[in-house]
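Single-letter residue listing:
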Amino acid sequence: MERVSGQAPIYEIQNLIGEGLTSCVYKAVRKDPRGWTAQKVALKVLKSKKDVHILKNEFEKLQRVRSKYCVKLLAWETLPQGPALVLELLQGLSLQE
């Protein structure tokens, strides 16, 4: 099997969207390292690396979901801030609102 490697995307965090017990969710822009493409995303970043099993479990479950009523999983990233899920950014009101 042939391996293909590219450059990692760049994430520009814009602001905090929400916070839970184990993670923080940020609005961010995922950019191609060459600057050709940009996509608004949500980054769910773990607060503690000891909770990586929680994020891994969520990742595995979201991989199987195919519904227009659920946020789309885009990627798993290991960022300087910690392990993170890259999710589709949904605009509009929050559940609390």
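Residues numbered from 1 in each chain as written. Predicted model: local features only at pLDDT ≥ 70, side-chain atom pairs only at ≥ 80, totals over all residues. Heavy atoms only, no water.

Some points on the sheet that holds strand β1 (residues 10-19)
In space, the five strands of this open sheet follow the order β1-β2-β3-β5-β4, with antiparallel pairing throughout. A strand with exactly one partner marks an edge of an open sheet, and here the two such strands are β1 and β4 (73-79). Going across the sheet, the axis of each strand differs from the next one's by a mean of 30°, ignoring polarity. In this sheet, strand β2 (residues 23-31) lies alongside β1 in antiparallel orientation, the contact comprising eight bridges. Residue Tyr11 lies in a different strand from β2, and its bridge partner there is Arg30. (Pairing = 2+ DSSP bridges. Helix = DSSP H or I, 4+ residues; strand = E, 2+ residues; numbered from the N terminus. Axes fitted to C-alpha atoms, helices over the stretch in contact; angles between N-to-C directions.)

Here we look at the pattern of salt bridges
Across all of its chains, the model carries four salt bridges by this definition. Between Glu19 and Lys47 there is a salt bridge; the shortest N-O distance is 2.8 Å. Highlighted residues: Glu19 in strand β1 and Lys47 in the loop between β3 (38-46) and α1 (52-64), separated in sequence by 28 residues. For Lys47, a relative accessible area of 42% gives the class partly exposed. For the salt bridge of Glu60 with Lys56, the shortest nitrogen-to-oxygen distance reads 2.9 Å. Of this pair, Glu60 and Lys56 both sit in helix α1, four residues apart, which is roughly one turn of that helix. Classification of Glu60 as partly exposed rests on a relative accessible area of 32%. (Salt bridge = Lys/Arg side-chain N within 4 Å of Asp/Glu carboxyl O. Buried < 20%, exposed > 50% of the residue type's maximum accessible area, 1.4 Å probe, protein only.)

Regarding the side chain of Glu77
Topologically, Glu77 is positioned in strand β4. Buried Glu77, no salt bridge; nearest opposite-charge side chain is Arg30, N-O distance 5.3 Å. Within the structure, the side chain of Glu77 is placed 3.0 Å from the side chain of Tyr11, a separation counted as a polar contact. When neighbours within four sequence positions are excluded, Glu77 is seen to be in contact with Pro9, Tyr11, Gly82, Pro83, Ala84 and Val86. (Lys, Arg positive; Asp, Glu negative; His and termini not counted. Polar contact = N/O pair within 3.5 Å; in protein donor to acceptor, adjacent residues only side chain to side chain. Contact = heavy atoms within 4.5 Å.)

Remarks on the packing of aromatic side chains
Under the counting rule described, the total for this entry stands at one aromatic pair. Relative to Trp76, the ring of Phe59 lies with its centre 5.6 Å away and its plane at 80°, an arrangement referred to as edge-to-face. One end of the pair, Phe59, is in helix α1; the other, Trp76, is in strand β4, and 17 residues separate them in sequence. Exposure remark for Trp76: the relative accessible area of 29% places this residue in the partly exposed category. (Phe/Tyr/Trp six-rings, centres within 6.5 Å; stacked < 30°, edge-to-face > 60°.)

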